[in-house]
Amino acid sequence: MDKAKAEGADIVELRLGSMSFSHISQLQNLINQRTLPTILSLRVNESTNGGKVDSISKNTGLQVLRVALQLDVEFVEIDYEVASDIIMIENDKPSNSQIIVSSYVNGERPSRERLGNLIACMQSTGADVVKLIVEVNYITEVAPILQMLTHSQVPLIATAVGSRGLISQLLAPKFGGFLVYGCLKSQTIPGIPTLLSLKQVYKLDHVNPWTKIFGLVSNPVSHSKSPLLHNYALRHIGYNGIYVPLLVDNLKEFFRTYESMDFAGFSVGIPHKEAAVACCDEVHPLAKSIGAVNTIVRRPTDGKLVGYNTDCMACITAIEDALREREVENGGISHSSPIAGKIFVLVGAGGAGRALAFGAKERGARVVVFNRKFERAKALAAAVSGEALPYECLDSYCPEDGMILANASAIGMEPHTDRSPVPKEALRAYKLVFDAVYTPRITRLLREAEEVGAIVVSGVEMFIRQALGQFKLFTGGPAPEDIMRKLVQEQF
Ligand code: SKM
């Protein structure tokens, strides 16, 4: 309880079933000494031999409930199955405690109708607050839960279980949820954000019904630093928005489900960038020619989804700036792109690879593509009038010195930081090495490239530049670049 208080909790939940008491007086002491408003959660079994994890017998439950009511614990949470029996006790003996009636929903996909009926039944027990714990398999299944939060007549708490349910917590204040669950920083509970992230990253205290929702559509998504960066920047300029991770399996279904104007813009990450093109109503010419979208904005005038690609300029300008900086150090300066005429070796032919290939070609480079699936390498090479070579040739590829290497594969990304797409010795052929991976900031590829004397450009530079472009598209105004760069410097 003290830890929760120190981390900024407003209220704490004590689960009786997971504590051991030898005597009820210990519980009385704990309640009397509570340092935060408390929910005492009683998972009561009707049978004596158990069945539910964390549960206690009905007799113990009734005893505890009497104590809790006597001591005016702020909230007592009980299961729907035993709610009517137990609420009778409260009626006998009025108390200031409020009763939360909770139910676990699993099995078939939760529909609006099913949840609505359940809430009505739970409310009819006399509950002050209703709580739903819903098992979800896909993020799209969270939508009816958010709708329930908006329309419920009774104060409602809803948690969608698992990492695909995370937005049930992050978006609860927008849709009218009674409270949001956060866990201590020492805990990991899939779908439950840490209290610190709620306070420091998502700043839920500022979220209200008018808050616009932005998010990263990706799978995986938890590695991303976009929520950290975009939420910080939104707050800094006083924009009423929240940016959340969206763990999406089926892109089309996601956009079909979350079609309201509340969902104002999206970043698109692996592996959805190419499929995202077909999900947009309109696609910017650059993104169209690349065949990959990493930013989607819902146009406020008609709700249409418009796709862009901010990756391309981000990575190409990051590479150019690094080469120019070296030219200046060496006393030279060229007016054309420093990439022009160079061999640009690209590893990976996914969404990020496509952005790099099109950007490099546009600047006049000769693009050579390596990809584990050779067919994809060939298709991308053909699109940029380049060359595709078998992946096995990458280590020995050295037609000339001074080439540029760009890794657009996930090789070397956390947690596999000991991996690199190209061995150290082979890196001597490159003047500059770029890695689109940004976790960690310096990958093994970059470390070894630096050791053999190449100029290195971290994916962090691309990450920040693509985010600056996105932020502008999301908000319609300039991004606070200095403070975004400072955050990246401090936190990445
Ligand atoms: O294109 C970007 C995307 O916009 C955000 C992102 C991330 O948050 O990790 C990575 C890149 O794919």
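Identification of the protein as Bifunctional 3-dehydroquinate dehydratase/shikimate dehydrogenase from Morus notabilis is taken from an unreviewed UniProt entry.

Q: Can you help me understand the pattern of salt bridges in this one?
A: Side chains bearing opposite charge may pair, as long as their charged atoms lie close to each other. A full pass over the atoms with the stated rule returns 28 salt bridges. Residue arginine 15 is joined to glutamate 13 by a salt bridge in which the shortest nitrogen-to-oxygen separation is 2.7 Å. With a shortest N-O distance of 2.9 Å, arginine 465 and aspartate 321 are connected by a salt bridge. Highlighted residues: arginine 465 in helix H18 (residues 459-475) and aspartate 321 in helix H14 (residues 311-329), separated in sequence by 144 residues. Connected through shared salt-bridge partners, Glu13, Arg15, Arg43, Glu77, Asp79 and Lys131 make up one network.

Q: Quick question: what am I supposed to make of the site of the ligand here?
A: Neighbouring the ligand are 13 residues, the closest being Ser224, Ser226, Lys273, Asp311 and Tyr438. In this structure, serine 226 approaches the ligand through a side-chain N or O atom, which is 2.5 Å from an oxygen atom. Between the ligand and lysine 273, the relevant distance is 2.6 Å, taken from an oxygen atom to a side-chain nitrogen or oxygen of the residue. Within the complex, 89% of the 310 Å² of free accessible area of the ligand lies under protein. Cavity membership is defined here by more than half of the atoms lying within 2 Å of grid points; on that basis the ligand lies in the second largest pocket. Of all the secondary structure elements, the ones that give two or more residues to the shell around the ligand are strand S11 (263-268) and H18. Take the shell around the ligand: its biggest share by element is three residues, from H18. Looking at the shell around the ligand residue by residue, the classes come out as four nonpolar, seven polar and two charged.

Q: What's the story with the packing of aromatic side chains in this structure? I'm lost.
A: The description of an aromatic ring pair uses the distance of the two centres, along with the angle that the planes make with each other. Tallied over the full model, the rule gives 13 aromatic pairs. Geometrically, the ring pair formed by phenylalanine 214 and tyrosine 239 is tilted, given 6.0 Å between the ring centres and 55° between the ring planes. Pair noted here: phenylalanine 214 is in strand S9 (residues 212-218) and tyrosine 239 is in the loop between helix H10 (226-236) and strand S10 (241-247), with a separation of 25 residues, a long-range link. Given the relative accessible area of 23%, tyrosine 239 is considered partly exposed.

Q: Can you help me understand the layout of surface pockets in this one?
A: With a probe scaled to a water molecule rolled over the atoms, the places where space remains empty come into view. Empty space within the largest pocket amounts to approximately 1500 Å³. The wall of the largest pocket is formed by 49 residues, among which Glu13, Arg15, Tyr181, Gly182 and Ile192 lie closest to the centre. If you list the elements that add at least two residues to the lining of the largest pocket, you get strand S1 (12-15), strand S2 (38-42), strand S5 (75-79), strand S6 (98-105), strand S7 (129-135), strand S8 (156-161), helix H8 (172-175) and helix H9 (195-200). Here the lining of the largest pocket gets four residues from one element, more than from any other, and that element is S1. A breakdown of the residues in the lining of the largest pocket according to their chemical character gives 28 nonpolar, nine polar and 12 charged. The space that makes up the second largest pocket amounts to roughly 900 Å³. Where the lining of the second largest pocket is concerned, the elements lending two or more residues are S9, S11, helix H15 (351-362) and H18. Residue contributions to the lining of the second largest pocket peak at five residues, all from H18. Of the residues that constitute the lining of the second largest pocket, the class distribution is 17 nonpolar, 18 polar and six charged. Per-domain counts for the lining of the second largest pocket show at least three residues from each of domain 1 (213-309 + 472-492) and domain 2 (312-457).

Rules behind the numbers
- Residues numbered from 1 in each chain as written.
- Predicted model: local features only at pLDDT ≥ 70, side-chain atom pairs only at ≥ 80, totals over all residues.
- Heavy atoms only, no water.
- Salt bridge = Lys/Arg side-chain N within 4 Å of Asp/Glu carboxyl O.
- Helix = DSSP H or I, 4+ residues; strand = E, 2+ residues; numbered from the N terminus.
- Near = heavy atom within 4 Å.
- Polar contact = N/O pair within 3.5 Å; in protein donor to acceptor, adjacent residues only side chain to side chain.
- Areas by Shrake-Rupley, 256 points an atom, 1.4 Å probe, with all protein chains shown as cover.
- 1 Å grid on protein atoms, 1.4 Å probe; cavity = no way out; pocket = protein on both sides within 12 Å on 5 of 7 lines; lining within 4 Å.
- Sits in = over half its atoms within 2 Å of the grid points.
- Nonpolar A, V, L, I, M, F, W, Y, C, P; charged D, E, K, R; others polar.
- Phe/Tyr/Trp six-rings, centres within 6.5 Å; stacked < 30°, edge-to-face > 60°.
- Buried < 20%, exposed > 50% of the residue type's maximum accessible area, 1.4 Å probe, protein only.
- Points joined across faces, edges and corners; volume = space filled by probe spheres on them.
- Domains from an automatic or database assignment.

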